[in-house]
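Examination of the molecular architecture
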Amino acid sequence: MAQHSHTALSFEVNFDGLVGPTHNYAGLSYGNVASQSSAQASSNPKQAALQGLQKMKTLSDLGLIQGVLAPQERPDVHTLRRLGFSGSDAQVLDKAYLSDPMLLAAVCSASSMWTANAATISPSADTQDNRVHITPANLNNKFHRAIEHEVTGLILRRVFNHDDYFCHHPALPGQDAFGDEGAANHTRLCIDYHEPGLELFVYGRCAFNGHLPAPQRYPARQTLEASRAVARLHGLSEHNTLFIAQNPHVIDQGVFHNDVIAVGNQNLLFFHELAFLDTPAVLSEIRAKLPNTELHLLAVTQAEVPLADAISSYLFNTQIVTLAPGNMAIIAPLECAHTPSVKAYLDRLPSLNTPIKAVHYIDVKQSMRNGGGPACLRLRVALTQAELAATNKACLMNDALFTQLNTWVERHYRDQLSVSDLRDPDLLLESRSALDELSQVLNLGSVYEFQLE
Ligand code: SUG
């Protein structure tokens, strides 16, 4: 396969978040319809982690380079202590549960699995100093996610651990005006991954300009100010960036990140016609900034797939991957096969004269029920050969690691968890011993705060 061939100059590596042992449904994400409707359902962390691993294996078997990002320490006892709960770890959990069960649920969420929200990454071909720039997302809009970025930053430093090639920034200030959700609102168009591209930053509202339209019902998590700051930090220029306003009406229907309604890969942008505030203007700006590029700007109409079907099936939270030059595949959640309008569209797609030649369905139902589809579960990193060589090898998927991680999940994970189990001190111990072992397997050093007794 082209991606693995030694002659390839660059690679798109997908780093998937490994689902943590506390995966549960707590209804924490207002504006994310799936999270709200699964609230209080019982989860299966073991199955969730195995589904995630199988997804990684499927992509790796297609010939793509696949990475693994470790989960975070949850329950997050350190955050509870910062909030005034004291005593032994078991007492801290118990006091938090009795005082505010939703707070305990928030510090137990396995939400770091959705690594599309881990960071925004600009490939070296686009940046001023020709290094890969990485900014963890502050995820400021939701408390359970706002406590992720410090450890996310640490993990990313251990994975991309070479100053000649990688430049790590801290997350943006944790304030509403700079709400940043990372790569979920960022797509890059290019011809080949190592060539300069056009980085699309999609935002839901402007913090400092109240005249621009904003959603009325659900929050817009990403601001224009945040997107601009990330582009500045990464040394991008006016020529290789485009800031695009999301359609506030679709946010109000449950499109809480742009990757629920649009996805791009190389010279292809796949999106619903209602995705952006001014779609014709967006398309003409893309064409103007990428002259001499054969572009496939593939809009799906409301008549083909109604918005509600696109949101419930996650048609646009698919991954579009390049298997060989000009030959792409779309990786779709099983829910797409079960939604008639979407299934009909995907059946036609390979014959529509675009680079997409095949559709692969995968089962990530445990994650989908919290509003996380295939694209949410992965962080894309375009790397040159030298950058890939400088990346932590222990975090790259292969048959041996796949087997090892499956065994690890089987040994440490529960197959049933409900919100009332989160105060169980044994869950904390199980989670810590699992992560302690994992950090050795993935060669991460000490990224977690706990000490095993
Ligand atoms: O931030 N769900 C995540 C889903 C993130 C999806 N990511 C992308 N679209 N890229 C969120 O809303 C739900 C947790 C709960 O309710 O238990 C949650 O955090």
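What counts, and where the lines are drawn
- Residues numbered from 1 in each chain as written.
- Predicted model: local features only at pLDDT ≥ 70, side-chain atom pairs only at ≥ 80, totals over all residues.
- Heavy atoms only, no water.
- Phe/Tyr/Trp six-rings, centres within 6.5 Å; stacked < 30°, edge-to-face > 60°.
- Buried < 20%, exposed > 50% of the residue type's maximum accessible area, 1.4 Å probe, protein only.
- Lys NZ or Arg CZ within 6 Å of the ring centre and 35° of its normal.
- Helix = DSSP H or I, 4+ residues; strand = E, 2+ residues; numbered from the N terminus.
- Arc of directions from axis to C-beta.
- Contact = heavy atoms within 4.5 Å.
- Polar contact = N/O pair within 3.5 Å; in protein donor to acceptor, adjacent residues only side chain to side chain.
- 1 Å grid on protein atoms, 1.4 Å probe; cavity = no way out; pocket = protein on both sides within 12 Å on 5 of 7 lines; lining within 4 Å.
- Points joined across faces, edges and corners; volume = space filled by probe spheres on them.
- Nonpolar A, V, L, I, M, F, W, Y, C, P; charged D, E, K, R; others polar.
- Axes fitted to C-alpha atoms, helices over the stretch in contact; angles between N-to-C directions.
- Parallel < 35°, antiparallel > 145°, perpendicular 65-115°, else oblique.
- Left-handed = near helix turned anticlockwise from the far one by under 90°.
- Near = heavy atom within 4 Å.
- Sits in = over half its atoms within 2 Å of the grid points.

Our next topic: the packing of aromatic side chains. One pass over the structure, following the stated rule, counts eleven aromatic pairs. Between Tyr448 and Phe450, the ring centres sit 5.7 Å apart and the planes meet at 15 degrees, which makes this aromatic pair stacked. Owing to a relative accessible area of 10%, Phe450 belongs among the buried residues under this scheme. Aromatic ring contacts, followed pair by pair, group Phe15, Phe160, Tyr165 and Phe166 into a single cluster. Cation over ring: Arg369 sits above Tyr25, and NZ or CZ is 4.9 Å from the ring centre.

With that out of the way, let us pick up helix α7 (residues 149–159). Considered for burial, the residues of α7 that qualify are Thr152, Gly153, Ile155, Leu156 and Val159. Summarising the axial view, the buried residues of α7 lie within an arc of 165 degrees, below the 170-degree limit, and thus occupy one face. Where the residues of α7 are buried, they touch β1 (10–17), β2 (66–69), β3 (119–122), β4 (132–136), β5 (166–168) and β15 (378–384).

Now for the environment of Asp252. Mapped onto the elements, Asp252 comes out in the loop between α9 (248–251) and β9 (262–265). Polar side-chain contacts of Asp252 include one of 2.7 Å to the backbone nitrogen of Arg217. Within polar-contact distance, the side chain of Asp252 engages the backbone nitrogen of Tyr218 at 2.9 Å.

Empty space left among the atoms is revealed by rolling a probe the size of a water molecule over them. Of the pockets and cavities examined, the largest pocket occupies roughly 480 Å³. As for the largest pocket, its lining consists of 18 residues, of which Asp76, Thr79, Arg82, Ile147 and Glu150 are closest to the centre. Contributing elements (two or more residues each) for the lining of the largest pocket: α3 (77–82), α6 (143–146) and α7. Here the lining of the largest pocket is built from residues that sort into eight nonpolar, four polar and six charged.

What follows concerns unusual backbone geometry. Following Arg74, the chain continues into Pro75 via a peptide bond in cis, with omega recorded as -5 degrees. In this structure, Pro75 sits in the loop between β2 and α3. Here the phi dihedral of Gln40 falls at roughly 75 degrees; this positive angle occurs in a residue that is not glycine. Relative to the elements of secondary structure, Gln40 occurs in the loop between α1 (33–37) and α2 (45–61).

How two helices sit against one another is set out by the angle between their axes and by the gap between those axes. Contact geometry of helix α4 (residues 89–99) with helix α17 (residues 425–441) gives a least axis separation of 9 Å together with a crossing angle of 125 degrees. By the angle between their axes, α4 is oblique relative to α17. For the pair α4 and α17, the crossing hand works out as right-handed. From α4, Asp89, Ala90 and Leu93 reach across to α17, where they touch Pro425, Leu428 and Arg432. A breakdown of the residues in the contact of α4 with α17 according to their chemical character gives four nonpolar, no polar and two charged.

Once that is clear, we can look at the site of the ligand. Surveying the vicinity of the ligand reveals 22 residues, the closest of which are Leu28, Ser29, His144, Asp259 and Cys376. Contact between the ligand and Asn117: a nitrogen atom at 3.0 Å from a side-chain N or O atom of the residue. Here a nitrogen atom of the ligand and a backbone polar atom of Asn370 are 3.1 Å apart. Because more than half of its atoms lie within 2 Å of the grid, the ligand is assigned to the second largest cavity. Classifying every residue of the shell around the ligand by side-chain character gives eight nonpolar, eleven polar and three charged.

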